[in-house]
Amino acid sequence: MKILDVYKSKENAIVQVNGWIRFNRVSKNVGFIELFDGSNLNGIQLVYKKSQIEIYEKLSQVTLFSALQIKGKVIADKKNGREVLVESVIFCNEPASDFPLGKKEHGLEFLRQQAHLRVKTKLFQAVMTIRSTLSLSIHDFFAQKSFHYLNSPIITKNDAEGAGESFFVKTIKNKNFWSSPASLSVSGQLHAEAYAQAFTNVYTFAPTFRAENSNTTRHASEFWMIEPEVAFADYNDLMDLGQELIKFVIKKVLLKHEIELKFLANFSKVDLLTDLETIVNNDYEKISYKKAIKILQNAIIDGVNFEQNKIEFGIDFGIEHEKYLASVYAKKPIFIYDYPLEIKSFYMYQNDDQETVRGFDLLVPRIGELIGGSQRENSYEKLIQAMKIKKIKSPDLDWYLELRKNGFAPSSGFGLGLERLVMLVTGMENIRDVLPFPRTPGDLNF
Ligand code: 4AD
Ligand code: MG
């Protein structure tokens, strides 16, 4: 029986529970074990008494993080509701003497070196439980809206973003396996666009790979991206969809994981519950890139000092600017739209002003960019032109361009980085601590 279900069991019921030992406190006549199996954060308290001398002698010696399987009787407990009085030990296996996790709290840096074991700690149980709920809720959200779930390919011929950040895929003998060089997908967008032209609203939810050498706390070489793509929709519709999606999944976490959130708030010193309530209960700010530039310029006049203090049309926002706009200016998530053509990808819809495109980002407090999206350019000629300027080879993308000639409906979409969402919800500050086995520059140890 999963530990969570023990709490729903009747008094005196005989149950078998399996798990690992988090605490073991022994006194003269009685001992207490906290056992966890991942089904709840706090596990369950097992009680063993000296009157059962064999069990007492065995369990009082047993070390932390042992795997344990017992049979026992459910008893009522004032504080926790239920505990289990051990009646027999079915299985017990202790970790080796050099097992690295102990009773005391370990630093995050140390735990990163133990990625295969750190999930046994309460902290990582809380983070990964929320990650799992967020992922499942994302699928729920799109299912209830009748989106088509598309599995876009991982091996591709193109660098969708045109940013030159892809990894090559070759055989172990360093040969090209296909007729042209292949790379790991940096985005499922281009393939999602093709599917949106047949299923109207689709989404992908897949691993994404980027060889960005930026060794930051919010970039990973392998991360998960959720990419909805909707035909007959403009970028305003997609901003609304993004807001609805984020509210939906965070509400689920608030409902389901109060205990985890309180634990994480205490760990991170972030007032998570208030933060998340703000995100769930408010409409997000929407401003143009030009307005954002003005706000940042005014901030400087008011005495704010950015490392990149030259704020003018054409700059790409750094994390400091993103955080200012979300945390200080809006104090809630904020959409920025109509970015300069020059700093955005070739596929974005070009506005009549000749200098901006219908791209948008969603910036959130603490994290910065969480979503990047756009309305797609539907003119074949304008796309070719943009690709020329950005030096993107067109033969690789002929199929994509052809969509425009074959009954193309206006289309818009976005990409949401799952890890950044998990960081927002859990208060964790480093992307390495929200990925089960993180891949970041220089780090491929597991
Ligand atoms: O803004 P990006 O690059 O947008 C795209 O890839 C579009 N093709 C999406 C679309 O329109 N369908 O990436 C989208 C999001 C970012 O906002 C960020 O949350 C996340 O993906 N992201 C990363 N997360 C972790 N590590 C990285 N290296 C990331 N790069 C982007
Ligand atoms: Mg982006």
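Here is what the cut-offs are and how they apply
- Residues numbered from 1 in each chain as written.
- Chains lettered and ligands numbered in written order.
- Predicted model: local features only at pLDDT ≥ 70, side-chain atom pairs only at ≥ 80, totals over all residues.
- Heavy atoms only, no water.
- Domains from an automatic or database assignment.
- Contact = heavy atoms within 4.5 Å.
- Buried area = accessible area lost by both parts, 1.4 Å probe.
- Polar contact = N/O pair within 3.5 Å; in protein donor to acceptor, adjacent residues only side chain to side chain.
- Helix = DSSP H or I, 4+ residues; strand = E, 2+ residues; numbered from the N terminus.
- Nonpolar A, V, L, I, M, F, W, Y, C, P; charged D, E, K, R; others polar.
- Pairing = 2+ DSSP bridges.
- Expected span 1.5 Å × (residues − 1).

Peer 1: Which residues make up the domain arrangement of the chain, and what values do they have?
Peer 2: In terms of domain boundaries, the chain breaks down into domain 1 (3-99) and domain 2 (118-433). Computed from C-alpha coordinates alone, the two centres of domain 1 and domain 2 are separated by 45 Å. On the domain 2 side, the residues contacting the 10 residues of domain 1 number 8 residues. Where domain 1 abuts domain 2, roughly 780 Å² becomes buried across the two surfaces, and 60% of that area is made up of carbon and sulfur atoms. Looking only at domain 1, the three residues that lose the most surface to domain 2 are Arg22, Leu41 and Asn42, adding up to 58% of its buried area. In this assembly, domain 1 and domain 2 are joined by 1 residue pair in polar contact (both at pLDDT 80 or more). Elements with a minimum of two residues in the side of domain 1 that touches domain 2: strand E1 (14-26) and strand E2 (30-36). Here the residues of the side of domain 1 that touches domain 2 sort into 5 nonpolar, 3 polar and 2 charged.

Peer 1: I'd like to hear about the sheet that holds strand E11 (residues 222-231), residue by residue, with values.
Peer 2: The sheet built from 8 strands is open, its strands ordered E6-E10-E11-E16-E15-E14-E13-E12 with mixed pairing. Edge strands, defined here as strands with exactly one partner in the open sheet, are strand E6 (148-149) and strand E12 (285-288). Pairing of E11 with strand E16 (residues 411-417), which is carried by 5 bridges, proceeds in the antiparallel orientation. Among the inter-strand pairings, Ile226 is bridged to a residue of E16, identified as Leu416.

Peer 1: Let's hear about helix H6 (residues 235-256): which residues, and what values?
Peer 2: Between its first and last C-alpha, H6 extends 32 Å over 22 residues, near the 32 Å set by a 1.5 Å rise per residue. By the N-cap criterion, in which a side-chain oxygen at the helix start approaches the backbone nitrogen of a residue two or three places on, H6 is capped by Asp234, the distance to Asn236 being 3.0 Å.

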